[in-house]
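# Fold and geometry: a report
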Amino acid sequence: MPLKGEYEPSPTDYVRLQVELYELTDGAVGNTFKNRPVVILTTKAAKSGKLRKNPLMRVEYDGTYAIVASNGGGAKDPVWHRNVAANPVVELQDGPIKHDMRAREVFGAEKDEWWARADAAYPEFADYRKVAGREIPVFVLECVEYVEQKF
């Protein structure tokens, strides 16, 4: 795992509990939100440098994942967005499997393709876009080894 540092659990009770359950059971428990699958994203905090973990909707296509900074349709980006923008190397846990990945924000036609996939995975994303009052960032996650080989 390329991420190193002290883990700081979320101050939000339901986030902290879901992450704990997910990790303790390799994704057998705590693996859904509104009956849709979730993954656990580990980031390095932009300010403190501590590791942070968040359950996010599982958006996957052909082995590639996307993460959507919807914040439930809120007016501001979620805190993890700032962490990913500052430190794009992340870890993604999907069930028992952990992936070292690098995030890159997508735009234009590529973003449109991922929005279609995200909406299929979690239909509420369409409503979030209507009420957020901001452009919701979408990141594609690629395996670190694959990204490093491309350069």
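Preceding this section is the structure that the text describes.
Residues numbered from 1 in each chain as written. Predicted model: local features only at pLDDT ≥ 70, side-chain atom pairs only at ≥ 80, totals over all residues. Heavy atoms only, no water.

### A look at the overall build of the chain
Scanning the chain for helices and strands turns up five helices and eight strands. Scaling as 2.2 N^0.38, a compact globule of 151 residues should have a C-alpha radius of gyration of about 15 Å, and the chain matches this with 15 Å. Projected onto its principal axes, the C-alpha positions of the chain cover 40 × 35 × 30 Å. By the burial criterion, 42% of the 151 residues in the chain qualify as buried. For the chain, restricting intrachain contacts to residue pairs at least 6 apart in sequence, the fraction spanning at least 24 positions comes to 66%. When the accessible surface of the chain is summed, it comes to about 8,100 Å², and 52% of that surface belongs to carbon and sulfur atoms. (Helix = DSSP H or I, 4+ residues; strand = E, 2+ residues; numbered from the N terminus. Rg over C-alpha atoms; globule rule 2.2 N^0.38 Å. Buried < 20%, exposed > 50% of the residue type's maximum accessible area, 1.4 Å probe, protein only. Contact = heavy atoms within 4.5 Å. Areas by Shrake-Rupley, 256 points an atom, 1.4 Å probe, with all protein chains shown as cover.)

### Quick notes on the packing of helix α3 (residues 108-121) against helix α4 (residues 124-132)
Where α3 meets α4, the closest approach of the two axes is 7 Å, and the angle between their N-to-C directions is 120°. In terms of axis orientation, α3 runs oblique to α4. Two secondary-structure elements touch here, α3 through W115, A118 and D119 and α4 through F125, A126 and R129. Each residue belonging to the contact of α3 with α4 can be placed in one class, and the counts come to four nonpolar, no polar and two charged. (Axes fitted to C-alpha atoms, helices over the stretch in contact; angles between N-to-C directions. Parallel < 35°, antiparallel > 145°, perpendicular 65-115°, else oblique. Nonpolar A, V, L, I, M, F, W, Y, C, P; charged D, E, K, R; others polar.)

### Observations concerning the environment of A121
One can find A121 in helix α3. Dropping the residues within four chain positions of it, A121 is found in contact with R36, R58 and V59.

### Focus on the pairing of strand β5 (residues 64-68)
Counted residue by residue, β5 has four buried out of five residues, so it is predominantly covered. Here three bridges tie strand β4 (residues 59-61) to β5, and the two strands are oriented antiparallel to one another. Of the residues in β5, the one forming a bridge with V59 is A66. Count of turn residues in the β4/β5 antiparallel hairpin: two residues, of which D62 carries a positive phi of about 55°. Relative to strand β8 (residues 138-143), β5 runs antiparallel, the two sharing four bridges. Following the sheet pairing, A66 is matched in β8 by V140. (Pairing = 2+ DSSP bridges.)

### Considering the pattern of salt bridges
Tallied over the full model, the rule gives eleven salt bridges. One salt bridge connects D94 with R58, and the closest N-O pair in it is separated by 2.8 Å. Taken together, the positions of D94 in strand β6 (residues 89-94) and R58 in the loop between β3 (51-57) and β4 put the pair 36 residues apart, joining distant regions of the chain. The partly exposed category is assigned to R58, whose relative accessible area is 27%. Where R134 meets D77, a salt bridge forms, and the shortest distance between an N and an O atom there is 2.5 Å. A residue pair is termed long-range when its members are at least 10 positions apart, and R134 in the loop between α4 and β8 and D77 in the loop between β5 and α2 (79-86) qualify at 57 residues. When its relative accessible area of 17% is taken as the criterion, R134 is described as buried. Given a relative accessible area of 32%, D77 falls into the partly exposed group. Residues joined by salt bridges that share partners form a network here, namely E8, K50 and R52. (Salt bridge = Lys/Arg side-chain N within 4 Å of Asp/Glu carboxyl O.)

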